[in-house]
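So you can see what is in the structure, the chains are spelled out below.
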Amino acid sequence: MSETIEELAEILLRDPFDTQARARYADALYEAGDWQAGLEQYRLLCRQEPTAAAGFLGAARSLVKLEDLAAARIEYDKATDCGDFEPQDDLEIALKDGPAPALRVVGGRAVPRSEDADIVRISSARTTRFVDIVGMEDLKKTVRLRIIDPFLKPGLFAKFKKRAGGGLLLYGPPGCGKTLLARAIANECDATFIHVGISDVLSMWIGASEQNLRAMFDKARAHRPSVLFFDELDALAYSRSKAQSDHTRSTVNEFLNQLDGMAGENEQVLILAATNMPWDVDPAMKRPGRFDRSIFVPPPDAAARAEMFRAKLVGVPTKRLDYQKLGESSAYASGADIDGIIEEAKDRVLADIMEGGEDRALTQDDLLAAIRDFEPSTMDWLRTARNLVKYGGADKSYKDVEAYLKTARL
Amino acid sequence: MTDVGLLRQQIALLIERKRYGDAGRLLSEAISSEPEDPGFKLLAARLGIATADYRSARDNLEAALAQHPDNAEARQLMFELLCETGQFVEAEQTIIGLLHDYPEEAYFYALYAALMLKTLHIDKAAALAREGLRLDPTSSLSQVISLMVDVIEDRSHDASRRLEELVRENPDALHVAWSVVLVLQSRHRYAEALQVLRGIFRSVPDDKEAVAALIEMRVLSHWSMLPLTPLQRYGWVGSGVLWAVAVLSVFLADRFAPQITSSLVVFYLGYVVYSWLWPPMLKRWLSARGF
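Residues numbered from 1 in each chain as written. Chains lettered and ligands numbered in written order. Predicted model: local features only at pLDDT ≥ 70, side-chain atom pairs only at ≥ 80, totals over all residues. Heavy atoms only, no water.

Engineer: Hey, could you run me through the interface of chain A and chain B in this one?
Structural biologist: At the junction of the two partners, chain A supplies 28 residues and chain B supplies 29 residues. Summed over both sides, the interface of chain A with chain B buries roughly 2600 Å², with 55% coming from carbon and sulfur. As a salt-bridge pair, D234 of chain A and R19 of chain B come within 2.7 Å of each other at their nearest N and O atoms. Scanning the region where chain A abuts chain B turns up 14 residue pairs in polar contact (both at pLDDT 80 or more). Listed by contribution, the elements that provide at least two residues to the side of chain A that touches chain B are α11 (198-205), α13 (233-236), α14 (246-259) and α19 (379-391) of chain A. (Contact = heavy atoms within 4.5 Å. Buried area = accessible area lost by both parts, 1.4 Å probe. Salt bridge = Lys/Arg side-chain N within 4 Å of Asp/Glu carboxyl O. Polar contact = N/O pair within 3.5 Å; in protein donor to acceptor, adjacent residues only side chain to side chain. Helix = DSSP H or I, 4+ residues; strand = E, 2+ residues; numbered from the N terminus.)

Shown next as structure tokens:
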């Protein structure tokens, strides 16, 4: 049964949070040629379901129709970060001839795409750089000193027998900007960025995993200077001591082989990885010459959270918000948590309006009430890390976390 | 490999890598398209065991066993489930059934040995591990259990340190190391139990049970708990004996050396207060400060 646009609008009027109806409504508007209205609905859908690719893909399609290819690519790139993303041939073709995208993304899928289609030199002004990342000032300083400068000025560092490239592991609670930081590092290094996401890794598990991994490193070497970024490293390099299958062991062995550069030189190839569960990463990955440098990416601090509230509430009707107070009240919240808090606060306002109240803007009280009912998603991770630091014995792998926990008084 | 085979492999790898949400989603799709496939039911059971959803695990296993009562993998999973849920008698019957059908399978001997270790039948565990090693000298689980028995029997020099390493390096060891902790604790060898627990904890730092056990063991092995050894070791009997000794010594002191009676009373009362207050205080202190 297909509903008319009017019927779908009626459904949404009764329940604005019916995301399936909103998706159907957006599709119907798109099919009817009302791309601007469709785009608005897809964007609403993205806010309601920020982890689903459908909204971003719909927005990208609408933007293609509206001939805003640069914005379409940004939406498409956002879709690639979603867990349920699948490559869309029509969009890839439509966006191929568009302006240079912010980042070059290479997928390690079982059926590799053509190399040139995957790799785009970073040149757009829309790229993520350190200046675009809110907060994390100490972290950015450390990364610049330890990673970016040696990479950009290999000659200077070579004098002191320090080499550029190698591996860097970013670890920390989920939703705190590890992937964003990796992208920014690649841009700051003015290097080609090759992203290996979880979905790429999952498809690699079937069949020729080792060959795919080799191909990934070969691509990075062929396009040096380059940054090869492995998201959710614990999935790809899962600790062999915890794995029963031979498959895991052989994949990790190949990974180690590639990191050691036995199959080729890794000079001017910066290998980044991110993980929420560093304790599940094979210990051999952290030995010298591999991911021997690791950086803890903590939850954003109060100032950063305040800035996030400010940025995320642009275009939303609000009334007298004290962003600094919001930042201070939402301790340990990640960027994703702040999205959740804002959505919850909006739900409260909409529920009030739907119950017959007057139209009103989002207030400080709505947001504070949403914060009170919210358990930051980083807490589980921080508790585990705290236990590991406190009770794990003489293991110094988490000294950055220890320092953070001390300052955060956890 | 067929598509179904590839899908099974992918789901198994997702479970191994703790991607339970992804595994669950794939499994739901797979089961809805192949509802009678026993392989998917076994994977669903495996996922249930991994996520402590024992009811779902049991339902899936029973469905798989109804279709194929002799399926060794299903029976082995049922054994694991029964062990997880503390149904040791039924678990023993299951593993004996498997050994009856597969008398040359070293791994089943090792599993049986692990169960015996869990139920504190150390001699039987040692004999079963030996039999497992005779059938397959490379059986890692049998080797682990042998080493664990050595630790328990205090036969091997530095065995608890080796065991801690083993726990960190061997997935089989992690599953049965808890049994060793229980045995060592029951034998009041708290320092060694602490070392093994540390190995477990480092492998699974997100396991709340491991954290609680680690703190408890650190309290028991702390030097300041030494004066409480009689109470720790002999429980209520120790406590009763101490009271009797206290009353008797105060009575005798009052009769033959009254000048020390009040000191003795203060000493005994101090000991009582210490035994009541110090362990929880120490626990709170160690929990807060770490160790």
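Further notes follow.
Engineer: Mind showing me how you'd approach the nonpolar core here?
Structural biologist: Generally speaking, soluble globular proteins have nonpolar side chains that are buried together. V401 of chain A together with L117 and I200 of chain B are the most contacted members of the largest nonpolar core, which totals 88 residues. Counting residues per element, this core draws most heavily on helix α7 (residues 106-118) of chain B, at 10 residues. Apart from residues lying up to four places away in sequence, L117 of chain B is in contact with I122, A125, I145, M148, V149, I152, S179, V180 and V183 of chain B. By size, the runner-up hydrophobic cluster in this structure holds 25 residues, among which are V143, I147, F151 and A184 of chain A. (Core = buried A, V, L, I, M, F, W, Y, C linked by side-chain atoms within 4.5 Å. Buried < 20%, exposed > 50% of the residue type's maximum accessible area, 1.4 Å probe, protein only.)

Engineer: Sorry if this is basic, but what is going on with the domain arrangement of chain B here?
Structural biologist: How big an interface is tends to be reported as the loss of accessible area on association of its parts. All names here are of chain B. As far as domains go, chain B holds domain 1 (1-86), domain 2 (104-221) and domain 3 (222-291). Look at where the C-alpha atoms of domain 2 and domain 3 centre, and you get two points 34 Å apart. Contact with domain 2, which involves 10 residues of that partner, is made by 11 residues of domain 3. Approximately 1000 Å² of surface area, both sides summed, lies buried where domain 2 meets domain 3, with 61% of it carried by carbon and sulfur atoms. (Domains from an automatic or database assignment.)

Engineer: For this particular structure, what's the right way to read the environment of V144 of chain B?
Structural biologist: Residue and element names in this part refer to chain B. Structurally, the position occupied by V144 is in helix α9 (residues 140-153). Given the relative accessible area of 2%, V144 is considered buried. The sequence separation of V144 and L166 amounts to 22 residues, and the corresponding C-alpha distance is 7.6 Å. With residues up to four places along the chain from it excluded, the contact list for V144 reads L166, N170, A173 and V176.

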